[in-house]
Structures are given as structure tokens and as C-alpha cells.
Amino acid sequence: GTEHVAIGPSKKLYVEESEEPVDITPIRASSTINSNPFAISSGSATVTVTDTAHGAALGDYVTFSGCGSTGDSALTAAVINAEQVITALTDSNTYTFKASATAASVTGSVGGASVVAAYQISIGLEVSVRGTGWGVGPWGGETWGTARSVAGEVTLQQRLWSLANFGEDLVAGVYEGAIYYWDASGTTASRAVNITSLTDSDAAPTISRGVLFSPEYRHLVALACDPYNDIGTQDKMLVRWSDRESLITWTPDTDNTAGSLKMSTGSEIITGLVSKREVLIWTDISLNTISYIGAPDWFGTRLLASNISIMGPNAVIQADDVVYWMGRENFYMYDGSVKVLPCPLSDHVFSNVNKDQPLNVFVGLNRGDNELWFFYPVTGGDEVSNYVIYNYLQNIWYNGTLVRTAWADSSVITDYPIAAFTDGKIYHH
């Protein structure tokens, strides 16, 4: 009977309970660090930490415990024994953070011999960043001193979460990252954990583009993930699923229903959706369905349409029995067959949308008004600024401007649609 809302921003992972956000960000690593690992200086709030091969990045969060007396009246052990943000990286063994108090009199190394540092998973980017530079593209491929072409550019992806219920629990996948699990039966303050760390975990994916949960057959599905026999090597056309009602069994065997399928059309999986009919998988140029066929293969795939596109992982939604999505040049719908959805505002939308930020494009359902809100950034801007609405009951379109970064329709938990803004707040609409 407890109501939760899971929220995945770029730096953390939260569960909201009774309108209070609780930090459940997974821990990447935890270590007992060197004796007196904190270097402080009188008159400064900057603390230098020595932890060999810490593996942290600028802006990451780390929580310290076990720090003994510092001997300082202001920058005390209680100030250090808290969550801190890494403000500078000296090298692979040292970094600094800014404490909430300034050392009053002590200069030297403090902390004692029992300090524990718990590092949260590294923070993500708020938007995708494309760039060029040394080492991009083949040697001699272009003239010396010129900027790299689009084909030689690299993209640093923003942090994007895919969130799914597993019974009453939460499964959260990082785009191009790991899959995490939060047990609702524990205390709210307990953190999510990597599914590979669960007891008896067997060949669980270590990298994927997202997770789905099929409630009919109760399988967890990982998209564009690493195969069970080559863990750590991502296959962007591979779909894997766990044994029925299991988070830990991923190796196919005669006594389980775990398995995998590789999409045959396209070069990479973009996203997936569990519809009322089947599990749908989009590649860069096709729509496919995965359906239950029974032993020994359990699931099979079928091509529904080719030469289509989808803008990004969150650009698709289901309303009633129809699936709608935003492509790179058209809007589409699937009601048993794939159709282009006519839109009189298509020229306006597709001539202005920033196609370098496909992960920021998303669609929200406002069921009370029979509306689909397609949010998108425009050329010259990275964050969402515009929307186009399709009223699927009246078959009409209208548009406007509004900055939002995520959306969830009204439900048993909320009386109104809720949406996120760049000020870090969640709004009821």
C-alpha cells in the first residue's frame, strides 16, 4: 500500500515516498582508505583525500564514515563524515572536496585508520555532447589541422534512466550502462544495487541501453546488451531476457526460460516498449515484435516494418491500444500495422528539432484530455523547449513552448500528470 515514484536525474537516482525524495543512488565501490587520509589546512574548507586508485570522476559523490577526531573545532569529524562532492582531481590517487566548514586552527593529515569511502556511481551528463579531437577517426583519414567531419565525431551520451516495476520493486537501467535493483521490502533508505551483485547472479548483463519488464510472462528484458557468453562486450542488436520471475538467472538452460534474440534489420537497437499485444523493439530502421512461442526457444521475433525511424529511446508511448512515436522525419502509429501519422505541423517540427539531442526527445500521455505531448529541443538549444500535441480522440494537432525534461501521466499515485523542470523540481499539472 505504499506509494512510490522513481525519479532518475543525471546525477542521482531517487524514490519519492510521501512527497519526500530518498536517495537510492547505487554505490560503485567502497573501500577502507589510508591512515589519516584527509589533508586539511587552517583557514581553508578544501580537504584533500588520498585513496589509491579511487576511480572517481569530477563531480562524483562520495560518503565518508569512520573519520576520527580531526582536532579542529570547526572542520570536525562530523563535518567530514557525510556525503561530499568531488571538486577537483589531482591524480588517480588523490582528489579534493569542499567541506561545509572551514578549518579553524589545524593544518595536517587527519582522519585516523578506519575511514571508509563509499563512492556512488559516476554522475552523468545533462545533455549529449558531440566533439572532435586527437585520435578520432583513422590515422591520415583527413588533412592535418582540419576539424574532423561528422563521420569522425564522437558523442558523449547524457545520463538516461529506464525504469521498470519488478513486482513491487524497481529495476533501473542506465543507458549504455549497468542495470540496478531496488528492493521495496527493505528500508526506504536502502540503495539500489547492481543486479550482477545479487546472490547467485548468473551472467546478468553488465551493459545495456534499457530494461523492460513483460508482466504477462514475467521476464526482465535487456536491450542492446552483452551476451551471456561474452560478458562486457556490448552487442547493439541483441535482446536478452532472464528466467521467468528472476533477476539473477540469465544463462539459457533446459530448466529455465532465459534466452536471447538478435534483431536482423538495422545496425542498432534504439528502444523497446511492452504493449498490450507484444514486446516491441525499434532499431534505427525497423520495428520488430518479440512474442512467446513456447519451448525450447520460448520467444521469437518478427519484422513489422522497415525503412522507418524513431527519434530516441523515450519518443514512443502507448495510448489505449495504439502505439505512437516520433521518428526523424515523420510521426508513426502502430495498431496492428505500422502507418505514418499525418501531421500538418510536420514541417515546423522536423525543420526545427535538434537531432543532435535525440535522448532529450520524449512523449508524455495526458489521458484526461486524450493528448500525446511530444517534447523536443530546437536547433541551437540542447534542453527541451518546444512541444507538439496530438489529440488522438479528435485527430487534431497543436503546438507551443514549455520546458520539461520528463513526464508521467496521472495514476493511482498522482491525481494529475507530473513533469520535471530544469530547476530540479517535479510539478503537478
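Residues numbered from 1 in each chain as written. Predicted model: local features only at pLDDT ≥ 70, side-chain atom pairs only at ≥ 80, totals over all residues. Heavy atoms only, no water.

**Structural notes on the sheet that holds strand E16 (residues 179–182)**
Okay, step 1: In space, the four strands of this open sheet follow the order E14-E15-E16-E17, with antiparallel pairing throughout. The outermost strands of the open sheet, each flanked by one partner alone, are strand E14 (161–166) and strand E17 (193–194). (Pairing = 2+ DSSP bridges. Helix = DSSP H or I, 4+ residues; strand = E, 2+ residues; numbered from the N terminus.)

**A few points about the pattern of salt bridges**
Where side chains of opposite charge bring their charged atoms close, a pairing between them can arise.
Okay, step 1: Taken as a whole and assessed by the stated rule, the structure comprises 13 salt bridges.
Okay, step 2: Residue Lys-355 is joined to Glu-329 by a salt bridge in which the shortest nitrogen-to-oxygen separation is 2.8 Å. In this pair, Lys-355 is assigned in the loop between helix H2 (346–350) and strand E30 (362–366) and Glu-329 in the loop between strand E27 (322–326) and strand E28 (331–334), connecting sequence segments 26 residues apart.
Okay, step 3: Taking the shortest distance from any N to any O, the salt bridge between Asp-335 and Lys-339 comes out at 2.5 Å.
Okay, step 4: We classify Asp-335 as partly exposed; its relative accessible area is 31%. (Salt bridge = Lys/Arg side-chain N within 4 Å of Asp/Glu carboxyl O. Buried < 20%, exposed > 50% of the residue type's maximum accessible area, 1.4 Å probe, protein only.)

**Details of the side chain of Thr-94**
Okay, step 1: Note on placement: Thr-94 falls in strand E9 (residues 94–98).
Okay, step 2: With relative accessibility at 13%, the residue Thr-94 sits in the buried group.
Okay, step 3: With residues up to four places along the chain from it excluded, the contact list for Thr-94 reads Val-49, Thr-50, His-54 and Leu-89. (Contact = heavy atoms within 4.5 Å.)

**Focus on the pairing of strand E26 (residues 316–319)**
Okay, step 1: Burial along E26 is two-sided: Val-316 and Gln-318 and Ile-317 and Ala-319, pointing in opposite directions, are all buried.
Okay, step 2: Of the pairings in the sheet, the one linking E26 to E27 comprises four bridges and is antiparallel in character. Residue pairing across strands places Ala-319 opposite Val-322, the latter belonging to E27.
Okay, step 3: Hairpin connection from E26 to E27: two residues lie between these consecutive antiparallel strands, with Asp-320 at a positive phi of about 60°.

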